[in-house]
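Residue-level structural notes
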Amino acid sequence: MASRLPVQSRSKAAVYVLLAVGFASMQDAVVKGVSGDLPAYETVIFRTSFAMPLLLGWLVWNNSLGNMFRTHVMLLVGRSLVLCSAYFAFVLSIAALPIATSVSIYFTMPFFVAALSGWSLGEKVPLYRWIAIITGFAGVLIMVRPGSEAFSIAALLALYSAFGYAAGQMMGRHLSSRVGTEVIANWQNITYLGVGIIVGLAAPLFAGLQIEDRSMAFLLRPWTWPDSQQLALLLVMGLLSVFGSVSFIQAYRHAAANFVAPFEYSGLLWAVLNGIVFFGDFPDAYTCIGAAIVITAGFWMLRHDYAATQSEIRSTA
């Protein structure tokens, strides 16, 4: 029975991460669907408001309400602000780009994690990681083609979102062993709501401007009350955000990160499918070639990380 447990745990982890990626991908499709009518901050306000009762219920269920202000509050808020900026950057990018392009650029996130680990954690970044990082960013350059008409602010926003999520993950390593996941999730949700409200209050200052860029228009568009269909979509998005967060947490709880992470690349399949079915966006050759390079470099780095980990385990056994 003991020998079978790791296999069972890894199977659960695979199921959880595939569910989590599916939930996140459906959120992306909802955001892109409403991006032509509603402002980005409004989608964030509705999403976090709908998610709040479930997250607070989780906090109460675990008797953790008193832990919200007990320790590492500044780090919790700081991490949440970084993640919030990354989230805004990503949703603004998909307002102007095909979902598959934004997601492909976002998958440079593991390379940022690898690079930042040397600076933030004092870890030595081995040569194979630098090779993967450089190769991955070469794939991004193929997709965004600086100097061509395809290059846009939205592509830079997608790239920043990868950096922001990587920085948030680095900060999360210091928190995960000290603070409960339900506390982290609630602080993140509250911070997103607060930023959404602040951006919403500032948006009227730009009401007189003629904004042509779709990303900036999505950010600064005046508040528009959603109709019943849009409200239903926003409610679904709030539920998906909760289910996705819980699924990601469960995935990384049941198996090591180097096993779970490759399954996140299934998000690109979702992105292509959602883009074709809902928006008629077919990825062009540059996106396909660049994405293939990014994913190959990512798998190559993860494979070498796994081999290095196994070697270290054997040397200390």
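Overview of the structure. (Residues numbered from 1 in each chain as written. Predicted model: local features only at pLDDT ≥ 70, side-chain atom pairs only at ≥ 80, totals over all residues. Heavy atoms only, no water.)

**Topic: unusual backbone geometry**
We apply this condition: In this text, helices come from DSSP runs of H or I with a minimum length of four residues, and strands from runs of E with a minimum of two, each type numbered from the N-terminal end.
One non-glycine residue, Asn-63, lies in the positive phi region at around 55 degrees. Residue placement: Asn-63 occurs in the loop between helix 2 (40–61) and helix 3 (73–96). In this model, His-72 sits at a positive phi of 55 degrees, which is unusual for a non-glycine residue. For His-72, the location among the structural elements is in the loop between helix 2 and helix 3.

**Quick word on the environment of Val-199**
As a reminder, the rule being used: Contacts were defined at the residue level, with two residues in contact if any of their heavy atoms lie within 4.5 Å.
Structurally, Val-199 is set in helix 8 (residues 181–202). Along the primary structure Val-199 and Leu-219 are separated by 20 residues, whereas in three dimensions their C-alpha atoms are 8.3 Å apart. What Val-199 contacts, discounting residues up to four positions off in sequence, is Tyr-41 and Leu-219.

**Section: the packing of aromatic side chains**
Put simply, the rule reads: In this scheme Phe, Tyr and Trp rings, the latter by its six-membered ring, pair at centre separations within 6.5 Å, and the angle between planes marks the pair as stacked below 30 degrees, edge-to-face above 60, and tilted otherwise. Each residue is placed in one exposure class: buried if its accessible area under a 1.4 Å probe, protein chains only, is under 20% of its type's maximum, exposed if it is over 50%, and partly exposed if it falls in between.
If you walk through the whole model with that rule in mind, you get 19 aromatic pairs. Plain terms: the ring middles of Phe-46 and Trp-225 are 6.5 Å apart, the flat faces sit at 80 degrees to each other, and that makes the pair edge-to-face. Of the two residues, Phe-46 sits in helix 2 while Trp-225 sits in the loop between helix 9 (214–220) and helix 10 (228–254), which places them 179 residues apart along the sequence. For Phe-46, a relative accessible area of 13% translates into the label buried. Ring geometry for Tyr-87 against Tyr-192: centres 5.7 Å apart, planes inclined by 35 degrees, an arrangement best described as tilted. Of the two residues, Tyr-87 is situated in helix 3 and Tyr-192 in helix 8; the sequence distance between them amounts to 105 residues. For the pair Tyr-87 and Tyr-192, one class covers both residues: buried.

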